[in-house]
Amino acid sequence: MELELTLSPPNQRRQPTKKSGHGGNTVTKSPLLSWSQEEDDEPNKTFFTGDYQQDLDGEGQGLNGWPPLHSWRRRLIEGEWFNERVDEEEGDNMNEVNNIYNESLFVKVKMDGVGIARKIDLNAFHSYQMLTTTLLHMFDKYVEIDEDGASYTLMYQHKDGHWLLPGDLPWEMFIGTVQRIRVARN
Amino acid sequence: MAYSFPEEVLEHVFSFLSSEKDRNAVSLVCKSWYEMERWCRRRIFVGNCYAVNPKIMIRRFPEVKSVELKGKPHFADFNLVPEGWGGYAYPWIVEIARGYPWLEEIRLKRMVVTDESLELISKSFKNFKVLVLSSCEGFSTDGLAAIAANCRNLRVLELRECEVEDLSGHWLSHFPDSFTSLESLNMGCLNSEVSFSALERLVARSPNLKTLRLNRAVPLEKLPTLLQLAPQLVELGTGSYSAEIRSDLCSSLLEAFSRCKNLKGLSGFWDVVPAYLPAFYSMCPRLTFLNLSYATTQSPDLTKIVSQCHNLQRLWVLDYIEDTGLNALSMSCKDLQELRVFPSDPFVADANVLLTEQGLVSVSEGCPKLQSVLYFCRQFSNSALTTIAKNRPNLTTFRLCILEPRAPDYLTFEPLDSGFGSIVQHCKNLRRLSLSGLLTDRVFQHIGTHAKKLDMLSIAFAGDSDLGLHYVLSGCESLRKLEIRDCPFGDKALLANADKLETMRSLWMSSCAVSFGACKVLGQKMPGLNVEVIDERENLDSIPHNSPVEKLYIYRTVAGERFDMPHFVRTMGKDNRRFK
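Source: prediction; values computed, not measured.

(A) Geometry of the overall build of chain B. Each helix and strand counted, chain B has 20 helices and 23 strands in total. Against the globule reference of 25 Å for 580 residues, chain B gives a C-alpha radius of gyration of 25 Å, in line with a compact fold. Each of the three principal axes of chain B carries a C-alpha extent, and together these read 70 × 60 × 60 Å. Residue burial in chain B is summarised as follows: out of 580 residues, 63% are buried. Contacts in chain B between residues at least 24 apart in sequence constitute 70% of all its contacts with a sequence separation of at least 6. Total accessible area on chain B stands at roughly 21600 Å², and carbon and sulfur atoms take up 51% of it. Put simply, chain B has 67 plus and 67 minus side-chain charges, and the middle of one group is 6 Å from the middle of the other.

What follows is the structure, encoded as C-alpha cells:
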C-alpha cells in the first residue's frame, strides 16, 4: 500500500477554527496523511527487532520492562524475597527450591531468547538424558529447536553460585546441588 | 450586557471551583474572567513538566499555593525510559522559589530530584507544608535531612516508591524538638534504619499525626510503643512484621492495635510471620484500605483477614490470596471499590499459586461497587472477560496483565478480542484500560467504536497493522494518554491522525514500526508537538530514514523543544542541526 501524502503548502492552509479547550478533534486542518479505508493486508515489515530480549548474565528476567511491575516492586521480587517462605515451626527461611527433602524439587529453567522462564521438578527425572529431552520440548513452542538440540547448551547454577556444565556428577548428586538451569544458545 | 457582579463576588464564586477542568473552562469565558481566575488560582497541576515553561506558569498564575508536576512517561516505572532522559525538578524549583515565596505544597511524580532541589525547597518557602515525592529518584537522605531541619511548618512528608540513596537513617533526627506540626510521614521506601528514639520522640510530639508509614527496618517489637504514642492514627504502614514468636509481644501488639480506634488503613507487613496477624483482627471491621501486597503469607491467612473486613473499599494483595480468598472477598466485602492483585513469582510461566480468572469473576459478581481492577494472572478466557463486563458495567479502570505476552484464550485458543470488546462495550464509563494476551486489530476496532470515555490506554504485544492504531486514534474521543510497546504500528496511522496528538497529553511507542522519516515529518508539520526519538543505538546518523526508531515519545507543549536532552534523545523536525 502506498503512502498518500496530501500536504498543502503552508500559506494555502485554511485557518483552523478555535479549539474548545483541550477536548475534541479539530476537523478543519488537512491531515498529514489521508487514511485509506482498505484493510492493511501486509503486516509492517519494518518492525523494530532490537535486543529487547537480552538476558543479563544469563539470569536476566528476559523481556525488558515486562511484566509491567513498578521497578521498586520488581527489585523486591528479584531479590528472591517473595519466594522465600518463613517456616513457622523452625523460624528459619526455607528456600523451597533447594530443599531435597521435599517431595518435589522445583528449579527455574530459563532459555535464551524466551522471555518467560519455566519451573520443573527435578525429582520427576532420573537421568540427564531425560532432562535434556524434556527441556528442549518444553520450549519448542517459543523457539525453533533442531531435533538433537545441537545449537543449545545446557548449563546449571551450582548452589555455591557458579555456572557449570552438567554431566560430571552422578544424577543423584547433581539434583542435590543445582539451583537453576539455563538453556544457552551456542 | 453589563456585569452586575463586582469582582469580589465573582472571585468568591470561583473559590468554590476546585477542579482543574472547571477553572480552565471559567478562564475561557471572557477576558475579565480570565484575569480574575488567574489571580485566584491556588493549585496548579502540570501533567507533563515539558509541556509548559515554569516562567509562563508563574506569569499567568501569580498567587499559587500548591504545585504538582509529573515528569517521565508512565513506562519509566518499568525501566523503559533510559536513565538520563530528563524530568529534572531543579529548574522548576528555582523558578518556583523565585515566583512563589509563599508556596505551601509541592508534589512531584517521576521526576529527578536532587539534594540541591530539596535544600532549595527547604530554604525558599517560609510556610512550606506538604512534600510528596512519588516514583522520584536522584536524591539522598541528606536532602531529606535538609527538609527535616528547615521546614518549620511541615505537615506532610511522603516518599512513595522512590529510589533514594540511603546514606543513613540519621536524617530523621534533624527534625527539631520544636517541630510539632507533622500530620503525615511516609518513609516506606527507605531501607536504612532510623534512630528509633528519634522516631519515638517525633511521634510523641506530633499530636496531629494521622498517617505513619514505617519502613522495613523498623522491627515489630517497636510497633506497640509507636502505636501507644499515636492512638489517633488513621493510616498505618507497619515496618517489618516479623519476630520470634513471643506471647508478650503478641499481647502488647493486640492491646496497642485495639487502642487505635480511628485506624482505617493498613499497609506494610514486610516479612510477615503469620502468628502475629491476629493482632490486628479487631481492626478489620473498621478498615477501608488494606495493602497486603508485600505480605508473603498464604491463602488461608489472607482469607481469614479479608473475611472480617466488611467495610473494605480498597484491597491490594499478592496472588497468594488465590481464588478461594477472592471468593471470600466477594462474599464479605460488599463495599469493595478497588482490587489490585500483584504477582508473587512473575518471571516464571508455570503458576505457583491457584489464582485464575475465576477469582476476578467471583469478585465482579459479588462486589457491586467494584470500579477499579488491576489483576496479574497467567491465563484468561473471552468468556470470563465477558462475564466480568456484564457483571460490572460500572468499571472505570480495568488493567489486566496476563503474564505471558500474546497468550490466547486458554479455552478456545482464539485472540482475546471479543473479551476486551465486551469490556469496552458494557463499561461505558471506562477511563483507563490496559490490555494483554493475544490481540488482533479487531480489539482496537471495538475500542475505537465503544470506548468513548477512555482517557488512558496501555497496549503491549498486540495488533496486526497500522489499522489497529488508527482505530484507537480516530475513535477514542477522550483519549489523553496512550502508551504502546512491541506492536506493529507504524507511520501511516500516526501521520493520518497527527491532529489527534495535539488533543492528547502524550503518546509513547517503543519497539514499534515508526520510522525516523515519519517522526521528522510529524515534528516539522506539528509545531505544537515535541516528537522525541529515544534511541540508544550507536551510529544513529547512518541508520536509514525509513528504519524504525527504538522509542518514541510525542507530547503537546507550549514550551517549545527542550534543551536538557542527553545524546540519545532528539526532538525531530525542529532543529536540523541535531539530526539530518
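(B) Here's a closer look at the packing of aromatic side chains. Residues and elements named next belong to chain B. According to the stated counting rule, one finds 29 aromatic pairs over all chains in the structure shown. Centroid distance F269 to F280: 5.1 Å. Interplanar angle 45 degrees. Geometry classified as tilted. Here F269 is found in the loop between strand 11 (265–267) and strand 12 (289–292), whereas its partner F280 is found in the loop between strand 11 and strand 12, with 11 residues between them in sequence. A single burial state applies to F269 and to F280, both of which are buried. A network of ring pairs unites the aromatic residues Y50, F75, F78, W85, W508, Y553 and Y555 as a single cluster.

(C) Expanded view of a negative patch on the surface. All names here are of chain B. A cluster of like negative charges, contributed by E7, E8, E11 and E63, occupies part of the molecular surface. Within the element layout of this structure, E63 appears in the loop between helix 4 (54–60) and strand 2 (66–70). On the basis of relative accessibility, which here comes to 38%, the residue E63 falls in the partly exposed class.

(D) A look at the side chain of T503 of chain B. Looking at the element boundaries, T503 of chain B is found in the loop between helix 19 (498–501) and strand 20 (506–510). A distance of 2.6 Å separates a polar side-chain atom of T503 of chain B from the backbone oxygen of K500 of chain B.

(E) Layout of the nonpolar core. W171, Y241, F257, F398, I447 and L482 of chain B are the most contacted members of the largest nonpolar core, which has 212 residues in total. Non-local contacts of W171 of chain B, meaning those with residues more than four positions away in its chain, are made with T141, L144, A145, A148, L157, L185, M187, L190 and V194 of chain B. One finds V109, V114, F125 and Y152 of chain A within the second-largest nonpolar core, a separate group that totals 21 residues.

(F) Broad picture of the packing of helix 6 (residues 115–124) of chain B against helix 7 (residues 141–150) of chain B. All names here are of chain B. For the pair helix 6 and helix 7, interaxial distance at closest approach is 8 Å and the crossing angle is 5 degrees. Taken as axis vectors, helix 6 and helix 7 run roughly parallel relative to one another. When helix 6 is examined against helix 7, the residues D115, L118, E119, I121, S122 and K123 are found in contact with a partner set consisting of D142, G143, L144, A146, I147 and N150. Its residues placed into classes, the contact of helix 6 with helix 7 shows five nonpolar, three polar and four charged.

(G) Up close: the pattern of salt bridges. Residue and element names in this part refer to chain B. The full count for this structure, using the stated rule, is 28 salt bridges over all chains. A salt bridge links R216 to D271; the shortest N-O distance between them is 2.8 Å. With R216 in the loop between strand 9 (211–213) and helix 9 (223–229) and D271 in the loop between strand 11 and strand 12, this residue pair connects regions lying 55 residues apart in the sequence.

(H) The arrangement of the confidence of the model for chain B in detail. In the predicted model, chain B carries a mean pLDDT of 95, and the fraction of residues at 70 or more is 98%. The complex prediction reports pTM at 0.84, with the ipTM value standing at 0.92.

(I) Looking closely at helix 13 (residues 357–366) of chain B. All names here are of chain B. Across the 10 residues of helix 13, eight count as buried, placing the element largely inside the fold. Listed as buried for helix 13 are E357, G359, L360, V361, S362, V363, S364 and G366. Those residues of helix 13 that are buried lie in contact with helix 12 (322–332), strand 14 (338–342), strand 15 (372–377), helix 14 (382–391) and strand 16 (397–402). Here helix 13 starts with a cap whose side-chain oxygen sits 3.0 Å from the backbone nitrogen of Q358, and that cap is T356.

(J) Inspection of helix 1 (residues 71–78) of chain A at higher detail. Counting buried positions along helix 1 of chain A yields six of eight residues, so the element is predominantly enclosed. All buried positions along helix 1 of chain A are accounted for by S71, W72, R73, R74, L76 and I77 of chain A. Close packing links the buried residues of helix 1 of chain A with strand 7 (163–165), strand 13 (314–318) and strand 14 of chain B.

(K) Representation of the sheet that holds strand 6 (residues 163–164) of chain A in the model. Residue and element names in this part refer to chain A. Here we have five strands laid out as an open sheet, ordered 4-3-7-5-6, and mixed in their pairing. Edge positions in the open sheet fall to strand 4 (118–121) and strand 6, since each of these has one partner strand only. Relative to strand 7 (residues 178–185), strand 3 (residues 106–111) is paired through four bridges, and the arrangement is parallel. Following the sheet pairing, K108 is matched in strand 7 by R180.

Reading the values: rules and limits
- Residues numbered from 1 in each chain as written.
- Chains lettered and ligands numbered in written order.
- Predicted model: local features only at pLDDT ≥ 70, side-chain atom pairs only at ≥ 80, totals over all residues.
- Heavy atoms only, no water.
- Helix = DSSP H or I, 4+ residues; strand = E, 2+ residues; numbered from the N terminus.
- Rg over C-alpha atoms; globule rule 2.2 N^0.38 Å.
- Buried < 20%, exposed > 50% of the residue type's maximum accessible area, 1.4 Å probe, protein only.
- Contact = heavy atoms within 4.5 Å.
- Areas by Shrake-Rupley, 256 points an atom, 1.4 Å probe, with all protein chains shown as cover.
- Lys, Arg positive; Asp, Glu negative; His and termini not counted.
- Charge placed at Lys NZ, Arg CZ, Asp CG, Glu CD.
- Phe/Tyr/Trp six-rings, centres within 6.5 Å; stacked < 30°, edge-to-face > 60°.
- Patch = residues over 30% accessible without salt bridge, like charges linked within 9 Å, V, L, I, M, F, W, Y side chains within 5 Å.
- Salt bridge = Lys/Arg side-chain N within 4 Å of Asp/Glu carboxyl O.
- Polar contact = N/O pair within 3.5 Å; in protein donor to acceptor, adjacent residues only side chain to side chain.
- Core = buried A, V, L, I, M, F, W, Y, C linked by side-chain atoms within 4.5 Å.
- Axes fitted to C-alpha atoms, helices over the stretch in contact; angles between N-to-C directions.
- Parallel < 35°, antiparallel > 145°, perpendicular 65-115°, else oblique.
- Nonpolar A, V, L, I, M, F, W, Y, C, P; charged D, E, K, R; others polar.
- pLDDT = per-residue confidence, 0-100.
- Pairing = 2+ DSSP bridges.

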